[in-house]
Amino acid sequence: MSEIVSAFQEIPTTCISDTMQGLNNMDPSIKPLKEEYRMAGRAYTVKMPVGDNQCVLRAIREAKPGDIIVVDAKGDTYRTIAGDFILGLAQTLGIKGVVTDGVIRDILGVKMLNFPVFCKGTTVASSAKGGWGEVNVPISCGGTSVSPGDIIVADADGVVVVPQAIEEEVLRKAKEKLVKDQERDEKVSGKPDEVIRYLDSMLNNNSKSSR
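All figures in this text were calculated on a predicted structure; none of them were measured in a lab.

Definitions and cut-offs
Residues numbered from 1 in each chain as written. Predicted model: local features only at pLDDT ≥ 70, side-chain atom pairs only at ≥ 80, totals over all residues. Heavy atoms only, no water. Helix = DSSP H or I, 4+ residues; strand = E, 2+ residues; numbered from the N terminus. Contact = heavy atoms within 4.5 Å. Areas by Shrake-Rupley, 256 points an atom, 1.4 Å probe, with all protein chains shown as cover. Lys, Arg positive; Asp, Glu negative; His and termini not counted. Charge placed at Lys NZ, Arg CZ, Asp CG, Glu CD. Buried < 20%, exposed > 50% of the residue type's maximum accessible area, 1.4 Å probe, protein only. Right-handed = clockwise from strand over helix to strand, strands pointing away. Pairing = 2+ DSSP bridges. Arc of directions from axis to C-beta. Core = buried A, V, L, I, M, F, W, Y, C linked by side-chain atoms within 4.5 Å. Salt bridge = Lys/Arg side-chain N within 4 Å of Asp/Glu carboxyl O. Disulfide = S-S within 2.5 Å.

Moving on, we come to the overall build of the chain. Tallying secondary structure elements over the chain gives seven helices and ten strands in all. Once the C-alpha set of the chain is aligned to its principal axes, its extents read approximately 65 × 35 × 35 Å. Sequence separation of 24 or more characterises 74% of the internal contacts of the chain that already satisfy a separation of 6 or more. Split by element, the accessible area of the chain, about 11000 Å² in all, is 52% carbon and sulfur. Both charge centroids of the chain, one from 26 positive and one from 29 negative side chains, sit 1 Å from each other.

Shown next, in the form of structure tokens:
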């Protein structure tokens, strides 16, 4: 894992999202199968036709260990992008995890893998393998643009996409915000007088800005 990806691994998605004004979040319907899942990695993208997941297999074969496979499934929730067998193949080859605006199946088996999957839910319907689709191309997943190599950070709160062109700037600002949040928490939380001061300052500032 690269140094910058490792650094993002330690920062909450909420902090990262705030530094980008909430513009690079995937749809909140995309959730981790287990709340404890957390991951960061480079995106290996898949543009999947509805009901044809052969391109997912191609992505698993071509992606590098540590990559996160991001599947644009057009939001389809009827046919799966993969089940426990295919996701197990990805895990074996060192793929960090999978994010999709579609669904998976064999949910109990997938959970037993302890392999991070962020998706819209589950289905019983399989996909065909007609050979259509593209990999390693710009996509839209969960309403957010994703290009190959963008940094994906995902945790219990959701999934954010950090474009390569601004990743260093976003990391710097996210680190600064995390420190400020921690300092605020230490100063205010559990201290009634400090809570009152904080609330009054926020309310006064908002009142002035609305004039």
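Picking up after the structure, the text goes on.
Okay, unusual backbone geometry next. Positive phi, normally seen in glycine, also occurs at D106, with a value near 60°. Here D106 shows up in the loop between β4 (97-100) and α5 (107-113). One non-glycine residue, N114, adopts positive backbone phi at about 55°. Take N114: it is sitting in the loop between α5 and β5 (117-119).

Turning our eyes to something else, we now look at the pairing of β4. Side chains of β4 alternate between two faces, with G97 and V99 and V98 and T100 buried alike. For the crossover that starts at strand β3 (residues 68-72), traverses helix α4 (residues 84-92) and ends in the parallel β4, the hand is right-handed. Sheet analysis places β4 next to β5, joined by two bridges and oriented parallel. When the bridges of β5 are listed, V98 appears paired with V117. Note on the crossover from β4 through α5 to β5: the handedness is right-handed.

Our next topic: α4. Those residues of α4 that sit buried are I86, L87, G88 and A90. Looking one or two residues beyond α4, the residue adopting positive phi is G94, at roughly 90°.

Take the side chain of T19 next. Counting through the fold element by element, T19 comes out in helix α2 (residues 13-19). Taking relative accessible area as the criterion, T19 reaches 14% and is therefore assigned buried. Setting aside residues up to four positions removed in sequence, T19 forms contacts with V170, K173 and A174.

Bringing helix α3 (residues 54-62) into the picture now. Within α3, burial applies to C55, V56, A59 and I60. Around the axis of α3, the buried residues are gathered within 150° of arc, so they sit on the same side.

Another point: the nonpolar core. By size, the foremost hydrophobic cluster in this structure holds 42 residues, and its most contacted members are M26, V46, I69, V70, V99, V146 and I152. Once residues within four sequence positions are removed from consideration, V99 is found in contact with M26, I30, M39, I68, I69, V70, V71, F118, I152 and V159.

It is worth spelling out the pattern of salt bridges at this point. A complete count under the given rule lists nine salt bridges for this structure. Linking E167 and R42 is a salt bridge whose minimum nitrogen-to-oxygen distance equals 2.7 Å. Taken together, the positions of E167 in helix α6 (residues 167-188) and R42 in strand β2 (residues 39-47) put the pair 125 residues apart, joining distant regions of the chain. With relative accessibility at 11%, the residue E167 sits in the buried group. Taking the shortest distance from any N to any O, the salt bridge between K177 and D181 comes out at 2.8 Å. One end of the pair is K177 and the other is D181, both in helix α6 and four residues apart, which spans about a single turn.

Moving on to the state of the cysteines. Applying the stated criterion to the full structure yields zero disulfides. For C119, which is in no disulfide, the shortest distance to another cysteine sulfur is to C141 and amounts to 11 Å.

The subject of this paragraph is the environment of G51. Note that G51 resides in the loop between β2 and α3. If we ignore the near neighbours within four places in the chain, the residues touching G51 are R79, S127 and A128.

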